[in-house]
Amino acid sequence: MKKLFAVLGNPIGHSMSPVMHNDLFSLYNMNAVYLPFQVKEEELKEAVNGLRALGAVGFNVTVPHKSTIMPFLDEIDELAASIGAVNTVVNQNGKLIGYNTDGLGFLKGLDEYVTKIEDHKILVIGAGGAARAIYFTLAKENPVQIDIANRTVEKAVELITECPYSITSRALTLEEAGNYLGEYDLIIQTTMIGMEPNTEEQPISLENINKQALVCDIIYNPLETSILRDAKERGAAVQNGINMFVYQGALAFEIWTGRLPDIQRMKENVLRQLGGK
Ligand code: NAP
């Protein structure tokens, strides 16, 4: 019988996860299928129980269900519980266990660029769901400092207060972050500024950037946002959101199947879908 995998979200039509995972199933000769399901908030519980009843092996959860799904699961992994969001669920004999691979996906994606994260002074721009996953995951790795800059500074303060790991952090306005920018070795852009239709906008000025810094934008559509273009022109290294997306999917695949899949193939597949090289 075909093994069932899925992603629940609303909207879900844009998701690249089905193509990415179905390609892996064919690569590894697995008799499995990964389907997207558009699920309304008020029908989430039924959808989750439906997947359990159908014997789905595992599924992903995306916007807007990452937090609201938690009460419908049987167990939540420690990191996902601290983040307060789940993006991956595995079905162990009818018991649904929730994980969060977003932050770990970001961290894994850094491996190609960063050798010792603990030596880094980091700036996270944004304080939404993705920033929270990245901030908590990086805080666990014990870097020198992680500051958070957000339009609504109170949300940055909230993140710092709620972080379960011991880390030196300041909550900053976007303007303050721009002024202190030279201090950071790693700058992570997590807001939606730079996406369509505001592709020419960026959240902070890079005037004071340290040229040795790495600037990451977790947006992958467009592949090169305005802030990445600016950082590159100023001589800094850059990384777009493809690595995070691919690694969060790879880690989910590993949780479901015990096998870390072919990352390069996943990247090429996603790039092809985005019209890149
Ligand atoms: P979210 O929870 O809604 O957070 C949005 C963040 O953007 C908040 O910090 C918000 O600031 C800020 N923001 C929004 N509009 C702004 C504006 N006009 N000016 C300044 N700040 C603004 O969203 P999310 O789930 O974290 O997702 C954020 C981005 O990450 C999206 O583009 C998403 O596609 C991307 N993402 C990528 C991956 C990946 O795998 N690569 C994974 C997850 C998410 P306030 O607090 O002031 O509102």
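Before any of the text, the structure's been laid out above.
Here we summarise the structure given alongside this text. Everything quoted here is computed from the prediction, not taken from an experiment.

Of the regular secondary structure elements, the protein holds ten helices and twelve strands. Here the C-alpha radius of gyration of the protein, 19 Å, is about what a compact globule of 277 residues would show, namely 19 Å. With respect to the principal axes defined by its C-alpha atoms, the protein has extents near 60 × 40 × 35 Å. Among the 277 residues that make up the protein, the fraction classed as buried is 50%. By sequence separation, contacts in the protein at least 24 residues apart represent 67% of the contacts at least 6 residues apart. For the protein, the accessible area works out to roughly 12,700 Å², and carbon and sulfur atoms hold 49% of it. One finds the centroid of the 24 positive side-chain charges in the protein at a distance of 6 Å from the centroid of its 34 negative side-chain charges.

Looking now at the sheet that holds strand S10 (residues 186-189). As summarised here, the arrangement of the six strands in space is S9-S8-S7-S10-S11-S12, forming an open sheet in which the pairing is parallel. The open sheet has two edge strands with one neighbour each: strand S9 (171-172) and strand S12 (237-239). With two bridges connecting them, strand S8 (residues 145-149) and S9 associate as parallel partners. Paired with Ala149 across the two strands is Leu172, which belongs to S9.

Moving on, we get to the nonpolar core. Counting residues in hydrophobic clusters, the biggest one holds 31 residues, and the most contacted among them are Phe106, Leu138 and Ile188. Listing elements by their share of this core, those giving two or more residues are helix H3 (78-83), helix H4 (102-110), strand S7 (121-125), helix H5 (129-140), S8, helix H6 (153-162), S10 and strand S11 (214-217). Each residue touching Ile188, except ones within four places of it in the same chain, is listed here: Phe106, Ile122, Leu123, Val124, Ile125, Ile134, Leu138, Cys216 and Ile218.

Turning to the site of the ligand, a few remarks are in order. Inspection of the region around the ligand gives 20 residues, with Gly129, Ala130, Asn150, Thr152 and Ile218 positioned closest. Within the side chain of Arg151, a nitrogen or oxygen atom sits 2.9 Å from an oxygen atom of the ligand. Within the backbone of Ile218, one N or O atom sits 2.8 Å away from a nitrogen atom of the ligand. Protein contact buries 74% of the 930 Å² of open area that the ligand shows by itself. Counting residues per element, the ones that place at least two in the shell around the ligand are H5 and helix H9 (242-257).

We now examine a negative patch on the surface. A cluster of acidic side chains, namely Glu41, Glu42, Glu43 and Glu46, defines a negative patch on the protein surface. By the secondary structure assignment, Glu42 is in the loop between strand S2 (32-38) and helix H2 (44-53).

To continue, consider the state of the cysteines. For the structure shown, the criterion picks out zero disulfides. The closest cysteine sulfur to the non-disulfide-bonded Cys163 is located on Cys216, 19 Å from its own sulfur. The exposure class of Cys216 is buried, given its relative accessible area of 0%.

Another point: the side chain of Thr190. With respect to the element layout, Thr190 can be found in the loop between S10 and S11. Its relative accessible area of 12% is what places Thr190 among the buried residues. Other than its neighbours up to four places away in sequence, Thr190 contacts Val124, Ile125, Gly126, Ala131, Ile134 and Ile218.

In the structure shown here, the tally under the stated rule is 13 salt bridges. The salt bridge partner of Arg132 is Glu162, with a shortest N-O separation of 2.9 Å. Of this pair, Arg132 sits in helix H5 while Glu162 sits in helix H6, placing them 30 residues apart in sequence. By relative accessible area, Arg132 is classed as buried at 18%. Exposure remark for Glu162: the relative accessible area of 40% places this residue in the partly exposed category. Arg234 is paired through a salt bridge with Asp230; the nearest N and O atoms lie 2.8 Å apart. Assessed through its relative accessible area of 14%, Asp230 is described here as buried. By sharing partners, the salt bridges in this structure join Lys121, Asp147, Arg170 and Glu183 into a single network.

Reading the values: the criteria
Residues numbered from 1 in each chain as written. Predicted model: local features only at pLDDT ≥ 70, side-chain atom pairs only at ≥ 80, totals over all residues. Heavy atoms only, no water. Helix = DSSP H or I, 4+ residues; strand = E, 2+ residues; numbered from the N terminus. Rg over C-alpha atoms; globule rule 2.2 N^0.38 Å. Buried < 20%, exposed > 50% of the residue type's maximum accessible area, 1.4 Å probe, protein only. Contact = heavy atoms within 4.5 Å. Areas by Shrake-Rupley, 256 points an atom, 1.4 Å probe, with all protein chains shown as cover. Lys, Arg positive; Asp, Glu negative; His and termini not counted. Charge placed at Lys NZ, Arg CZ, Asp CG, Glu CD. Pairing = 2+ DSSP bridges. Core = buried A, V, L, I, M, F, W, Y, C linked by side-chain atoms within 4.5 Å. Near = heavy atom within 4 Å. Polar contact = N/O pair within 3.5 Å; in protein donor to acceptor, adjacent residues only side chain to side chain. Patch = residues over 30% accessible without salt bridge, like charges linked within 9 Å, V, L, I, M, F, W, Y side chains within 5 Å. Salt bridge = Lys/Arg side-chain N within 4 Å of Asp/Glu carboxyl O. Disulfide = S-S within 2.5 Å.

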